[in-house]
Every structure is written in structure tokens, then in C-alpha cells.
Amino acid sequence: MEQATVLVVDDTAENIDILVGILAPDYKIKVAIDGYKALQLAKRSPPDIILLDVMMPGINGYEVCRQLKQDPITRPIPVIFITAMTQEADEQQGFELGAVDYISKPICAAIVKARVRGQLNLYDQQRHLEQQVKARTLELEQTRFEIIKRLGRAAEYRDNETGTHVIRMSHYARLLAEELGMPAAFCETLFNAAPMHDVGKIGTPDAILRKPGKLDPDEWAIMQRHVQIGAEIIGEHPDPLLQMSRKIALYHHERWDGTGYPEGLSGEQIPLEARIAALADVFDALTSERPYKRAWTVEEALELLQKERGKHFEPKLVDAFMRILPQVEQIRLEYADDPEEWAHVQQRS
């Protein structure tokens with residue numbers, strides 16, 4: 001097992017020598033002779049515990065502890081004050097600043113060893129618990145993402161035999177957001193929320209979804225209901241992923257010029273995530289074969305995007321999509337509905 005690292009901070013060489021002599025057989029020792037050096041060492045290579053004198057030139061131990069606890073990097077490190085200041089008020093100040101223990105000088109070797117060992121054991125337990133919590137949180141997040149993806153794909157199976165549409169359009173949406181310079185967290189949430197865009201199709205009759213011809217007005221009204229159904233399925237929830245999923249499901253059929261549905265929103269009234277998902281959805285729907293249509297060529301789909309620039313789609317999104325075409329083509333082929341299509345491309349490359 002790797003030895004823990006102890007940072008000893010004291011301006012008196014004799015005190016340092018005593019502590020090093022006590023602890024060196026069991027721990028790696030680092031030494032700082034003033035508060036400034038202690039802060040530098042702690043930030044550059046955080047130790048497992050700090051033994052800190054109070055009375056030092058420059059900045060005293062209390063100020064060093066205060067700064068350590070303000071920095072996210074050094075905040076978790078346990079600090080033990082070792083000092084000749086033994087008044088109750090001194091100890092109270094140390095604990096209020098975040099110290100975990102207070103050892104009075106002159107020191108007793110057995111007490112120092114016991115206190116250091118005890119605090120290191122607690123720190124190890126805390127770190128182990130935090131790692132378990134992080135691992136469990138990540139596992140729950142991944143499970144949630146997978147459930148959302150599968151629910152989105154379940155909706156796509158209603159009118160798409162493979163359900164790979166939601167995979168492709170999610171990748172397109174993330175690429176678009178990245179090209180626009182959106183924060184990484186937004187891009188990742190969008191990637192995981194986009195599959196829910198058509199979840200409301202679960203409530204749309206097969207006769208309408210799979211009708212090979214044009215829908216009549218009554219059928220079209222029923223089809224349009226899928227956006228409200230999707231929003232109702234997702235519901236209102238404080239979770240950012242579900243909030244974005246709901247916006248996309250409800251508004252991905254709005255149009256930049258205000259002629260879309262369900263609310264006739266226009267321009268930036270439409271949430272950005274819905275504007276992005278709309279373009280990604282339309283491009284992939286056009287280039288995919290459906291029961292009611294043939295698959296368009298990429299060139300035909302791009303021609304329509306340009307034609308609808310400023311009408312259906314936000315102009316800057318169309319421009320951004322044109323810039324990411326190489327990545328789009330890679331995704332389109334990698335997640336093709338027909339696996340042989342990608343195999344043929346690989347053979348030709």
C-alpha cells in the first residue's frame with residue numbers, strides 16, 4: 001500500500017526535525033518553513049494531511065488554513081494545528097477555520113502518531129465513500145440515459161424498422177451545438193435529450209404513422225398531437241435532461257418563420273435545443289426510407305435545407321450544418337439502416 005504524504009509546516013528547524021523523526025518511518029514527508037511555501041506545495045501536489053504551526057512570519061497558520069479551505073483543490077485535506085497556543089479561544093478559532101484536530105506543544109510522539117493515523121483513516125474512508133457515490137451516480141446517470149434512448153427508439157420503431165434514426169439525429173444535433181460553440185454540458189445534454197423528440201408518436205395510431213399516401217386534414221391534426229403527447233409523457237421535472245427533452249419534444253416542429261406547430265413560435269422564441277433538433281431530425285428523415293417515401297439523396301436534402309433557410313430553419317444553423325457535412329456523412333454511414341451500406345463504403349475506401 002502506498003505511503004500517505006504528510007506536509008509539515010513550521011518556521012523552526014528544531015520543531016520540523018522532531019516531527020520528521022516521529023513520522024518519517026511511516027509516511028512520506030514534505031516540509032515548508034512558512035505559510036507561502038506551504039500553500040504552493042499543497043496546491044501543486046496535495047498531501048494527504050497537513051501539520052500546521054500557528055505562529056509563523058508572513059502569514060500565520062490560521063490564514064494558511066483559511067486559504068486552504070477556500071481552494072477546491074486543497075479544501076478536503078485534513079489540517080492538524082500543532083502549536084504552543086493552548087487557550088480555548090485559540091482552539092475554537094482553529095476548528096472554525098476547518099481544522100480537524102489541535103495538538104499542543106511540547107508534543108508527545110505517541111499522541112502525534114495516533115492523531116495523524118486516526119485522521120488519515122477518516123480521510124481515506126471519506127475518499128472511498130466519495131468514490132462510491134460518484135460511481136453510483138455515474139451508473140444511475142448512464143442508466144437514465146439508456147432508458148431515455150430506448151424510449152426514443154421505441155417511438156421510432158413505430159415508423160422506422162431499425163430505430164437508428166434517433167441515434168443519427170442525436171449525433172447531428174451534438175455536432176451542430178459544438179459547431180455553434182455551445183458549452184460542453186449543453187452539447188452532451190442535447191445528445192442525450194434528442195432521442196426523445198418523437199416519443200409522442202407512441203400515442204399516434206399506426207394507420208396514420210404508416211399511411212403510404214398523404215394525410216387528410218383530420219389525420220394531420222391527429223399527427224400533430226404527437227408533440228403535446230410527448231411533452232405529457234416526459235412531464236415537468238427539475239432534472240436538466242428531462243427539461244431539455246420536454247422542450248425538444250414539444251417544439252421541434254416549430255418553424256423559424258412562425259408557421260410551425262403547436263404554438264406558432266418564431267425565431268429565438270423557439271428554444272435553441274428544439275431549433276437544432278428540428279434541423280437534425282428533418283435532414284435524417286429526408287435521407288431515410290420510410291413506408292410513405294423513398295430516401296432522398298444527401299444532395300437533395302441539402303438543397304431543401306438551403307431552400308428553407310430563414311423559413312423552416314434558422315439561417316446560422318443551416319450554415320453550421322454545411323460546415324459539419326464530413327462528420328455528418330461519417331455518422332450517416334456508420335449508423336446506416338442497412339449495415340451493408342457501411343460495409344460497401346469501407347470496401348471502397
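Let me sum up the structure you'll find in this document. (Residues numbered from 1 in each chain as written. Predicted model: local features only at pLDDT ≥ 70, side-chain atom pairs only at ≥ 80, totals over all residues. Heavy atoms only, no water.)

**Let's talk about the sheet that holds strand E4 (residues 79-83)**
Strand order in the open sheet formed by five strands is E2-E1-E3-E4-E5, and the pairing between neighbours is parallel. Both edges of this open sheet fall to strand E2 (28-32) and strand E5 (101-104), since each of them pairs with a single strand only. Recorded for the sheet is a direction-independent mean angle of 20 degrees between the axes of neighbouring strands. As paired elements, E4 and E5 share four bridges and run parallel to each other. Following the sheet pairing, Thr 83 is matched in E5 by Ser 104. (Pairing = 2+ DSSP bridges. Helix = DSSP H or I, 4+ residues; strand = E, 2+ residues; numbered from the N terminus. Axes fitted to C-alpha atoms, helices over the stretch in contact; angles between N-to-C directions.)

**Topic: the pairing of E2**
As defined by bridge partners, strand E1 (residues 5-9) adjoins E2 across five bridges and the pair is classed as parallel. Following the sheet pairing, Val 6 is matched in E2 by Ile 29. Viewed along the sheet, the connection from E1 through helix H1 (residues 13-23) into E2 turns out right-handed. (Right-handed = clockwise from strand over helix to strand, strands pointing away.)

**What to know about the nonpolar core**
Core analysis: the largest hydrophobic core is formed by 40 residues, its most contacted members being Leu 190, Ile 276, Leu 279, Phe 283, Leu 305 and Phe 321. Elements supplying a minimum of two residues to this core: helix H6 (165-179), helix H7 (184-193), helix H11 (240-251), helix H12 (272-286), helix H13 (298-307), helix H14 (315-323) and helix H15 (325-334). The residues touching Phe 321, leaving out its near neighbours within four places in the chain, are Leu 176, Leu 279, Phe 283, Leu 302, Leu 305 and Val 328. Among the nonpolar cores identified, the runner-up in size contains 22 residues, and Ile 50, Val 54, Ile 59 and Ala 99 belong to it. (Core = buried A, V, L, I, M, F, W, Y, C linked by side-chain atoms within 4.5 Å. Buried < 20%, exposed > 50% of the residue type's maximum accessible area, 1.4 Å probe, protein only. Contact = heavy atoms within 4.5 Å.)

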